[in-house]
Every structure is written in C-alpha cells, then in structure tokens.
Amino acid sequence: MAGPPAANTAATTGRSDAREERRARREYSSRRDRWRAYATEREAAPERPARQAAALGWSGACEQFAAVLRNWPVREIERDVRLSDAQRVAFYELVTSSLKAADTLASACPADAALTPVGRMETMRKRLAAVRAATAAIRPALIHFYEALDQGQKVRFAGI
C-alpha cells in the first residue's frame, strides 16, 4: 500500500514540475516576443534624441493644459448645474479668464528644445512659470464662481 501513493506523488510532482516549466517557457517566450516587437517598433520610429523627446513632452503638457482651458463644457455645465443669472455671470467670467490664461500659456511656453542641461532647466523654469501664471489668473474667478453655487450645485459641478 505504501508503494503506489509514493509513486503517484512522484508522478504528480513530475507532471506539475513539467507544467511549471512549460508555463515558464511560455512566459519567457511572450516576454521575448514583446521585447522583439518593442525593438522593431523603436527601430522603425524616426530617430530623435532623448532630450528633444523630453522637451516635446513638456511642450505637449503646456499645449494640453491650454486645450483644457479652452474647452470648458459650457453648455453641459449650464444644463446640469442649473445656474441662476448671477451664477451665469460668474461662470462666464471664469470661462473668459480661462480663455485668456490659455492664450497667455500658449504664447509663454517655449517650444524650443535646449541642447544643454542649463538650457533645458531654463526652458523648464519658463514653462512652469507660465503654468503657474495661468493658474493664478484663473483661481480668483473659479473661487468666485464656486462660492456662488449652493451645495447641490457644487455636487453637480464636481460630477462634470
């Protein structure tokens, strides 16, 4: 009686080890395939220095922020929040200030890619200063509008 269970355990352990080995090979194979696909895609992409790609990323962030400021869902906010006349005036002041901030941000964010580390830090400083100025320009209008809302309207506004 002792013989068959021990042999059965060895066979089961051998099968599970073989199964684990096959799974590991499959995972390795899929990682290897993913790496090859990544390398092929990277080789096919146009050559671009890393510093230029990083500069484009920050430039893109400025453009994205400006696009968000320009694309307020005005009709959706008016419909869902149900603004009174006084609240609507405060809301349009907010929209106007965000449009002005977007224009300022678009013109103030440098698009050039600096070649030196010092130049890249200076470009980064200018971009961050532009974002900070845009945020400071919008903040008073946002606070004024938000304080004009009642609690239910604040909840609906936050949900948009």
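Now for a description of the structure that goes with this document. (Residues numbered from 1 in each chain as written. Predicted model: local features only at pLDDT ≥ 70, side-chain atom pairs only at ≥ 80, totals over all residues. Heavy atoms only, no water.)

## What to know about the overall build of the protein
Next, step 1: The helix and strand tally for the protein stands at six helices and zero strands.
Next, step 2: For the protein, the sequential pattern of α-helices and β-strands runs α-α-α-α-α-α.
Next, step 3: Every one of the 160 residues in the protein was classed for burial, and the buried ones make up 22%.
Next, step 4: For the protein, long-range pairs separated by at least 24 residues make up 73% of all intrachain contacts whose partners lie at least 6 apart in sequence.
Next, step 5: Entry remark: accessible area of the protein is about 11600 Å², with carbon and sulfur atoms responsible for 58%. (Helix = DSSP H or I, 4+ residues; strand = E, 2+ residues; numbered from the N terminus. Buried < 20%, exposed > 50% of the residue type's maximum accessible area, 1.4 Å probe, protein only. Contact = heavy atoms within 4.5 Å. Areas by Shrake-Rupley, 256 points an atom, 1.4 Å probe, with all protein chains shown as cover.)

## What about the pattern of salt bridges?
Next, step 1: This model, assessed by the stated rule, comprises five salt bridges.
Next, step 2: Residue arginine 70 pairs with aspartate 103 through a salt bridge whose shortest N-O separation is 3.3 Å. Of the two residues, arginine 70 sits in helix H2 (residues 50-70) while aspartate 103 sits in helix H4 (residues 85-108), which places them 33 residues apart along the sequence.
Next, step 3: Exposure remark for arginine 70: the relative accessible area of 37% places this residue in the partly exposed category.
Next, step 4: In this structure, arginine 88 engages glutamate 78 in a salt bridge whose closest nitrogen and oxygen atoms are separated by 3.4 Å. With arginine 88 in helix H4 and glutamate 78 in helix H3 (residues 74-81), the pair connects residues that are 10 residues apart, well separated along the chain.
Next, step 5: Members of the salt-bridge network, linked through shared partners, are Glu78, Asp85 and Arg88. (Salt bridge = Lys/Arg side-chain N within 4 Å of Asp/Glu carboxyl O.)

## Considerations on the packing of H4 against helix H5 (residues 117-148)
Next, step 1: Close contact between H4 and H5 brings their axes to 9 Å; oriented N to C, the two are set at 175 degrees. Taken together, the axes of H4 and H5 are roughly antiparallel relative to one another. When H4 is examined against H5, the residues Gln87, Ala90, Phe91, Glu93, Leu94, Ser97, Ser98, Ala101, Leu105 and Ala108 are found in contact with a partner set consisting of Ala130, Val131, Ala134, Ala137, Ile138, Ala141, Leu142, His144, Phe145 and Ala148.
Next, step 2: Residues that form the contact of H4 with H5 fall into these classes: 15 nonpolar, four polar and one charged. (Axes fitted to C-alpha atoms, helices over the stretch in contact; angles between N-to-C directions. Parallel < 35°, antiparallel > 145°, perpendicular 65-115°, else oblique. Nonpolar A, V, L, I, M, F, W, Y, C, P; charged D, E, K, R; others polar.)

Everything listed here is a matter of geometry and, on its own, says nothing about what the molecule does.
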